[in-house]
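# Summary of structural features
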Amino acid sequence: MGLPRSARESCRSIGVGGCPYPRNMNDGRIEHWCEAWGASEMLTPDEGFDAGWDVPPMMGMLGVVSPRTCGSCSIAKTLWWALTVEKKDIGTIMPQQRRLLARILNEVDD
């Protein structure tokens, strides 16, 4: 689900610093993070996919809102769920969801 340019710019103004999608250049591992409970693991895309992680690049795309979860969590606690199923708009999502939105919109492919 892409966002209009104005939404993208307002989300970036929230100010999330650092690379939101760090990559270990030595072995191809990238950070896999679960937005439902905050878990994070450094895995290759294949390892993450095999373990049930729903994160780019194997599931979804960088910079596009989609569920980012581990193999144990439901998508019902994700930003994607809040925006598409619960029909919340950016102005009514919780502060941590706005930070997550900024993180997603600032993802880069190294």
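Note that the structure is predicted; figures quoted are calculated from it, not measured.

Reading guide: rules and limits
Residues numbered from 1 in each chain as written. Predicted model: local features only at pLDDT ≥ 70, side-chain atom pairs only at ≥ 80, totals over all residues. Heavy atoms only, no water. Helix = DSSP H or I, 4+ residues; strand = E, 2+ residues; numbered from the N terminus. Disulfide = S-S within 2.5 Å. Buried < 20%, exposed > 50% of the residue type's maximum accessible area, 1.4 Å probe, protein only. Pairing = 2+ DSSP bridges. Salt bridge = Lys/Arg side-chain N within 4 Å of Asp/Glu carboxyl O.

### Some words on unusual backbone geometry
- Here proline 56 and proline 57 are connected by a cis peptide whose omega angle stands at 10 degrees.
- Of note, proline 57 is situated in the loop between α2 (45-50) and α3 (79-84).

### A few points about the state of the cysteines
- Under the definition given, this model contains zero disulfides.
- A disulfide-free cysteine, cysteine 70 has its sulfur positioned 3.7 Å from the sulfur of cysteine 73, the nearest such atom.

### Some points on the pairing of strand β2 (residues 29-33)
- Taking burial as the measure, the five residues of β2 include four buried ones, the bulk of the element.
- Looking at chain direction, β2 and strand β3 (residues 40-43) are connected through four bridges and run antiparallel. The residue of β3 that forms the bridge with isoleucine 30 is leucine 43.
- In this structure, the hairpin formed by β2 and β3 is closed by a connection of six residues, where glycine 38 is found at a positive phi of approximately 85 degrees.

### Some points on the environment of valine 65
- Position of valine 65 relative to the elements: it lies in the loop between α2 and α3.
- Valine 65 gets classed as buried once you look at its relative accessible area, which sits at 2%.
- C-alpha of valine 65 to C-alpha of tryptophan 80: the two residues are 15 residues apart in sequence and 6.0 Å apart in space.

### Description of the pattern of salt bridges
- Inspection of every chain in the model, using the stated rule, returns four salt bridges.
- For arginine 29, the salt bridge identified is with glutamate 47, shortest N-O distance 2.6 Å. Taken together, the residues span a long stretch of sequence, with arginine 29 in strand β2 and glutamate 47 in helix α2 at a distance of 18 residues.
- Arginine 29 gets classed as partly exposed once you look at its relative accessible area, which sits at 26%.

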